[in-house]
Structure formats: C-alpha cells, structure tokens
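# Architecture and fold: a report
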Amino acid sequence: MRLNTVKYLTTLVVIVGALQVNTALAQMDHDEMQMQGGSAPADARDPHAYSDGYTLTEGPYAQPGPRQLKLADEHAFWSVLGDRLEYHEDSESTVYDIQAWYGTTYNRFVIKAEGDIADGTLEESSTELLWGHALNAYFDTQFGVRLDQYDEGKNRQWLAIGMQGLAPYWFELDVTAYVGDDGRTALSAEAEYELLLTQRLILQPRAELNLYGKDDPDNSLGAGLSDLALGLRLRYEFSRQFSPYIGVEWTDTYGDTADYRRAAGEDTSGTQFVAGLRFWF
C-alpha cells in the first residue's frame, strides 16, 4: 500500500514538474521573439553615423563630375581568342578560327573570323560582325552581319542572329541562323568540350555542321545538311594563353553538296591530321 502511494506521488510530481518546465520554455521563447522584433532602443547608434555623414556624392572626399567609382561589369574590356590556327596535312592548307570582342559584361562588339588558306591564297573566309548582349549568366544573344568570301565562287552577305555560351555539363555552344539575299537561309551550329586530363593536358572534342535553305550552285552548296565536321584535339598549355596541339578531324558532305564535289572530282569526305596553336590574350 505504501509502495503504491509512493509511486503515485512520484508520478504526480514528475507530471507537474514537466508542465512547469514547458511553460517556462514557452515563456522564454516568446520573450526572445519579442526581443528580436519591435523598435530599436532609443540609444541605438545611427548606422549612417560611421562615415561622419560623408557619402560618394557629398563631403570632402566626393569626386567631382560624373560618378567615378564603377563596378567591374561597367568597365569595357577586350579579348582575342585564336581557337584554331592549324595546318592540315592532306590538303596542305592553313585554317584559322579567331574571335575577338570589346565591351562590357552585358553589351559587346564581337568579331568572328574563319578561313582556309592554300598556296598563299585565301580560298574562302567567313567574317561576322556582331553585337552581343547578355541573355543570362551563361549565354549571349548575338545580332549582326556575316560576310562570306570565295576565291572561286560568289561572295555572299547574310543577316545573322544567334546564341553563344556555356550549356549544362560545360559544353560550349555557338548556334547562329542567317538570312541572305534571294531568300537564302542558313544555320550553323558548333559545340566544343574540354576534358582536363591534367591541369595542362586537355582533350577537346569538337563538332560543327552547316545547313542551307536552298541550293547555291555558284559556291557548290546544296540545300539541307551540307557538311559535318568532327574533330579531336589534344593540347598542352605551356601557359593558359599559349598551347600547341595535335589532332585529327573527320569531315563529310551530304546531299547536293556532295554531288557538286563528285562532279568537280573532289572527295566528299575525308580524315586528316592537324597540328596547330591555340592562344588568347
């Protein structure tokens, strides 16, 4: 009987004690919430008083004239990238693929130049003059003109609109659509990826394709998928700005473009080794 009474009293004390502790904790939390909110104390320091009232536009340290201090994305910079400057062994030709830009993070003037040189003659080239505007943190939209030059053929001019940037999984993409005279249209797409075997030895797969909306017999280009190139280049970066490379590139032509080449006695596809230099500054 005494044992049951002790157990009953012990249980009752534990329950009452737990209720008192919960009440105290709830009250404490409520008090803390009240301390974090509400108005600042009457004797709180003015956060603007630390500069003694001086600002960028007022006081003895203010710069005269227009605003002097700018963020990095407000400054204009420039850059030149030679992505490919290489020699093709089989065709005994030199290929260049250079891009340069000048401007800010959000707006810049972009020049893209590609071409083939054989026997000291510029056989064909493509130069794009573009205005680039940042679409988001990874892609720029680009708008401008493209000028095609052919040593044997007819020069073409295009309006260009495209997108260039870094896609998910670190693929560099450059896709541009073109509109030319006589209702001509074209689409060019290029993708690259950089696989770091070490911090200096880098393997770069590359793919490029071109499509045309209508036949262009003057330049031996057919409608539809015209050509496709797949390359694999291995470069060693002596510095980040200077890196020679070797590689192999496979090219193929399709549709009427392949027919034009057969008629001219040229190969419609081929594989050749390349050696070149990649640089930027």
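Residues numbered from 1 in each chain as written. Predicted model: local features only at pLDDT ≥ 70, side-chain atom pairs only at ≥ 80, totals over all residues. Heavy atoms only, no water.

### Some remarks on the packing of aromatic side chains
For the structure on display, the rule yields six aromatic pairs. Aromatic pair Trp78 and Phe281: ring centres 6.1 Å apart, planes at 75°, arrangement edge-to-face. Of this pair, Trp78 sits in strand β1 (residues 77–88) while Phe281 sits in the segment after β13 (269–280); the two residues are 203 residues apart in sequence, bridging distant segments of the chain. Phe281 gets classed as partly exposed once you look at its relative accessible area, which sits at 49%. Centroid distance Trp158 to Tyr178: 6.3 Å. Interplanar angle 65°. Geometry classified as edge-to-face. Residue Trp158 is located in strand β6 (residues 156–167), and its partner Tyr178 is located in strand β7 (residues 171–180); the two are separated by 20 residues in the primary sequence. (Phe/Tyr/Trp six-rings, centres within 6.5 Å; stacked < 30°, edge-to-face > 60°. Helix = DSSP H or I, 4+ residues; strand = E, 2+ residues; numbered from the N terminus. Buried < 20%, exposed > 50% of the residue type's maximum accessible area, 1.4 Å probe, protein only.)

### Comments concerning the pattern of salt bridges
Scanning all chains against the criterion turns up 20 salt bridges. Here Asp259 makes a salt bridge to Arg262, at a shortest N to O gap of 2.7 Å. Of the two residues, Asp259 and Arg262 are both situated in helix α2 (residues 255–263); the distance of three residues between them amounts to about one turn of the helix. The class of Asp259 is partly exposed, set by a relative accessible area of 40%. Residue Arg262 is classed as exposed on the basis of its relative accessible area of 51%. Each of Arg84, Glu86, Asp97, Glu114, Glu190, Glu192, Arg206, Glu208, Arg233 and Glu249 takes part in salt bridges that share partners, so that together they form one network. (Salt bridge = Lys/Arg side-chain N within 4 Å of Asp/Glu carboxyl O.)

### Focus: the confidence of the model for the protein chain
Confidence along the protein chain averages 86 in pLDDT terms, with 83% of residues attaining 70 or more. Confidence over residues 28–33 falls short of pLDDT 50; this stretch has zero contacts with residues more than four positions distant or in other chains. (pLDDT = per-residue confidence, 0-100. Contact = heavy atoms within 4.5 Å.)

### Some remarks on the environment of Ala100
Along the chain, Ala100 turns up in strand β2 (residues 93–103). With 18 residues separating them along the chain, Ala100 and Gly82 place their C-alpha atoms 8.5 Å apart. Not counting residues within four places of it along the chain, the set of residues in contact with Ala100 comprises Ser79, Val80, Phe109, Val110 and Ile111.

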